[in-house]
Amino acid sequence: MINILNRNSCTAVVTAGMLLCGVANAQTIAIVGGKVYPVSDAPIENGTVLIRDGKIVSVGANVAVPSDAQRIDATGKWVTPGLINSSTQLGLVEIGQVQSTRDDAAKGKNNIAAAFTVWEGLNTQSVMIAPARRDGVTSVVVLPTGDQLVSGQAAILNLVDGMPSDMVLKTPIAMVAQIQNPQDAGTNARGELLMRLRELVDDTRAFMKNRAAYEKRGTRDYVASRLDLEAMIPVVEGRLPLLIQVDKATDIDAALRVAKEEGLKIMIGGGAEAWLVADKLAAANVPVLTGAMNNIPYSFTQLASAQENAGLLRKAGVRVIVIGNSGGGDEETFNVRNIKQEAGNAVAYGMTWNDALRAVTLTPAEVFGVSDRVGSLQPGRDANVVIWSGDPFEFSTVAEHVYVLGHEYTAPDRQQLLTEKYRRLPPEQGMPMKR
């Protein structure tokens with residue numbers, strides 16, 4: 001027997017006597033007594049976060065709690081905004097080595113896929129979403145992958161149930177490119193790869209000026225297709241940032257030079273050696289998306305990688321966003337939840353705790369243009385709130401309550417269900433015991 005309850009009251013499935021309740025009532029909720037970290041302001045001891053209809057109404061030490069509010073006692077707990085993982089393929093990749101489960105990369109033309117809108121292939125039923133959310137990740141950036149010169153456009157999502165249109169916070173938030181793998185982008189050398197990027201910018205400007213002639217085949221051939229050229233217009237006009245995946249310090253320096261010459265707004269993704277050019281990045285006000293989990297050079301472009309990277313960049317005044325896949329290759333989507341460990345490692349290697357919290361909450365929200373919705377605990381923001389058992393960057397800490405748009409998600413994910421299943425198996429149905 002299967003019974004589906006009203007989603008506004010509770011999303012539930014009853015099967016074989018088991019009730020899996022995922023979303024609490026949309027109502028007034030008061031989280032009281034915890035140490036509240038708004039991020040946008042100083043921490044509040046014995047604070048209250050008042051939520052109504054999916055939005056934060058009040059945050060403070062002396063907030064009046066309505067009599068009809070559901071009170072959540074957070075005494076001895078830490079209360080923060082939901083975490084943002086800013087570099088994922090969540091909902092786009094199920095099993096990294098199985099191509100049929102991947103919707104994260106486009107073929108494009110001439111190694112340019114600027115028109116690719118990766119979020120339109122989102123699998124909202126992905127079994128990877130629940131574990132990420134259970135560990136306090138309430139928003140993610142989904143990026144196209146591949147080593148093309150331009151791999152496509154990125155989006156930021158809230159991890160709610162529903163369709164892609166229900167999850168999307170903002171699209172596009174960046175155009176993703178790379179200038180560190182010449183051969184993979186169809187060129188033979190770094191200089192040629194930079195030349196191709198400049199050619200794309202020049203062709204986009206020419207296309208903007210000669211659209212009518214282009215439609216009549218009255219222009220020279222361009223390096224990209226019509227749709228890709230149209231998608232590049234906001235980048236060329238400086239309205240949409242170009243997120244350049246690059247690790248080597250000399251390549252980062254080249255990216256800064258091209259951005260200045262062409263008037264582009266850029267970000268650096270990966271940035272394993274970014275600490276070597278921290279002063280230049282700070283002077284150009286270029287954000288860096290990087291991690292702190294390892295210092296293993298996966299390629300010759302990462303020989304100077306350091307776990308102190310994020311801390312050194314922040315000390316130099318660079319806006320840092322801590323991400324979870326700054327190593328070699330695509331990180332599996334089941335590790336999206338590990339962003340809190342990544343931030344904790346950044347603290348261990350020199351970043352301040354407050355900067356680390358900001359780097360996984362408010363800084364990405366500001367950089368991607370959604371700080372009026374997420375990233376902090378302020379009135380009017382989406383009620384993406386996590387109650388932690390302690391310091392969220394400590395390995396033993398757990399997220400005890402996770403709210404996204406004011407809904408608490410409590411349904412067991414696949415990992416929890418499998419753990420419970422095999423924990424309860426009678427001995428004769430379990431693994432044979434060695435004698």
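Calculation criteria
- Residues numbered from 1 in each chain as written.
- Predicted model: local features only at pLDDT ≥ 70, side-chain atom pairs only at ≥ 80, totals over all residues.
- Heavy atoms only, no water.
- Helix = DSSP H or I, 4+ residues; strand = E, 2+ residues; numbered from the N terminus.
- Buried < 20%, exposed > 50% of the residue type's maximum accessible area, 1.4 Å probe, protein only.
- Contact = heavy atoms within 4.5 Å.
- Areas by Shrake-Rupley, 256 points an atom, 1.4 Å probe, with all protein chains shown as cover.
- Pairing = 2+ DSSP bridges.
- Axes fitted to C-alpha atoms, helices over the stretch in contact; angles between N-to-C directions.
- Phe/Tyr/Trp six-rings, centres within 6.5 Å; stacked < 30°, edge-to-face > 60°.
- Lys NZ or Arg CZ within 6 Å of the ring centre and 35° of its normal.
- pLDDT = per-residue confidence, 0-100.
- Core = buried A, V, L, I, M, F, W, Y, C linked by side-chain atoms within 4.5 Å.
- Parallel < 35°, antiparallel > 145°, perpendicular 65-115°, else oblique.
- Left-handed = near helix turned anticlockwise from the far one by under 90°.
- Right-handed = clockwise from strand over helix to strand, strands pointing away.
- Patch = residues over 30% accessible without salt bridge, like charges linked within 9 Å, V, L, I, M, F, W, Y side chains within 5 Å.
- Salt bridge = Lys/Arg side-chain N within 4 Å of Asp/Glu carboxyl O.

**Considerations on the overall build of the protein**
Scanning the protein from N- to C-terminus turns up 12 helices and 18 strands. Out of the 435 residues in the protein, the part that is buried amounts to 52%. Relative to all contacts within the protein whose residues are 6 or more apart in sequence, the contacts with residues 24 or more apart total 66%. Split by element, the accessible area of the protein, about 19,600 Å² in all, is 50% carbon and sulfur.

**Some remarks on helix H9 (residues 339-348)**
Where burial is concerned, most of H9 is hidden: 8 out of the 10 residues are buried. By the burial criterion, the buried members of H9 are Ile339, Lys340, Gln341, Glu342, Ala343, Gly344, Asn345 and Ala346. At its buried positions, H9 is contacted by strand S8 (83-88), strand S9 (137-142), helix H8 (309-315), strand S15 (320-322), helix H10 (353-359) and strand S16 (385-388). Backbone geometry just downstream of H9 places glycine 350 in the positive-phi region, at approximately 110 degrees.

**Describing the sheet that holds strand S14 (residues 288-290)**
On the basis of which strands lie adjacent, the open sheet formed by 8 strands has the order S8-S9-S10-S11-S12-S13-S14-S15 and mixed pairing. Only two strands of the sheet have a single partner each, and these edge strands are S8 and S15. On average, each strand axis in the sheet is inclined to that of its neighbour by 25 degrees, with strand direction left out of account. Along the sheet, helix H6 (residues 249-262) contacts strand S12 (242-246) and strand S13 (266-270); its crossing angle with S13, the most-contacted strand, is approximately 165 degrees.

**What to know about the environment of alanine 177**
For alanine 177, the location among the structural elements is in strand S11 (residues 168-178). Spatially, the C-alpha atoms of alanine 177 and serine 151 are 5.8 Å apart, while their sequence positions differ by 26 residues. Not counting chain neighbours up to four residues away, the residues in contact with alanine 177 comprise Leu149, Val150, Leu242, Leu243, Ile244 and Gln245.

**Digging into the packing of aromatic side chains**
Applying the stated rule across the entire model yields 6 aromatic pairs. Aromatic pair phenylalanine 207 and tyrosine 214: ring centres 5.2 Å apart, planes at 90 degrees, arrangement edge-to-face. Summarising the aromatic geometry, the rings of tryptophan 353 and phenylalanine 393 are spaced 5.4 Å apart at their centres and angled 45 degrees between planes, so their arrangement reads as tilted. With tryptophan 353 in helix H10 and phenylalanine 393 in the loop between S16 and strand S17 (399-404), this residue pair connects regions lying 40 residues apart in the sequence. Overall, the relative accessible area of 18% leaves tryptophan 353 in the buried class. Judged by relative accessible area, phenylalanine 393 falls into the buried class, the value being 9%. Aromatic rings pair up to connect Tyr37, Trp78, Trp353 and Phe393 into one cluster. The side chain of lysine 35 reaches across the aromatic face of tryptophan 78, ending 5.9 Å from its centre. Over the ring of tyrosine 409 we find arginine 133; its NZ or CZ atom is 3.8 Å from the centre of that ring.

**A few points about the confidence of the model for the protein**
Averaged over the protein, the pLDDT score is 88; the fraction of residues at 70 or greater is 90%. Long-range and interchain partners of residues 1-25, a stretch whose pLDDT sits below 50, account for 47 contacts in this model, where long-range means more than four residues apart. For the stretch residues 326-330, pLDDT sits under 50, and the model shows 12 contacts to residues farther than four places along the chain or on other chains.

**Structural notes on the nonpolar core**
The biggest cluster of nonpolar side chains holds 90 residues, and the ones touching the most others in it are Met175, Leu242, Ile266, Ile268, Leu281 and Val322. Apart from the residues lying within four places of it in its own chain, the contact partners of valine 322 are Thr290, Ile339, Glu342, Ala343, Ala346, Met351, Ala359 and Val360.

**Things to note about the packing of helix H3 (residues 190-209) against H6**
The interhelical angle for the contact between H3 and H6, taken along N-to-C directions, is 20 degrees, at an axis separation of 12 Å. Classed by the angle they form, the pair H3 and H6 counts as roughly parallel. Seen along the crossing, H3 lies across H6 with a hand that is right-handed. On H6, the residues touching Arg190, Leu194, Leu197, Arg198, Val201, Asp202 and Arg205 of H3 are Asp251, Ala254, Arg257, Val258, Glu261 and Glu262.

**With respect to the pairing of S12**
Across the 5 residues of S12, 4 count as buried, placing the element largely inside the fold. Strand direction decides the pairing type here: S12 and S13, joined by 5 bridges, are parallel. Residue pairing for S13: isoleucine 244 is matched across the bridge by isoleucine 268. Taken together, S12, H6 and S13 constitute a β-α-β crossover, and its handedness is right-handed.

**Description of the side chain of glutamate 262**
As for its position among the elements, glutamate 262 is in helix H6. Among the residues examined, glutamate 262 registers a relative accessible area of 13% and is labelled buried. Beyond its immediate sequence surroundings of up to four residues, glutamate 262 is in contact with Arg198, Val201, Asp202 and Arg205.

**Topic: a nonpolar patch on the surface**
Taken together, the side chains of Trp275, Leu276 and Leu312 define a hydrophobic patch exposed on the protein surface, amounting to about 240 Å² of accessible area. Secondary-structure assignment places leucine 312 in helix H8.

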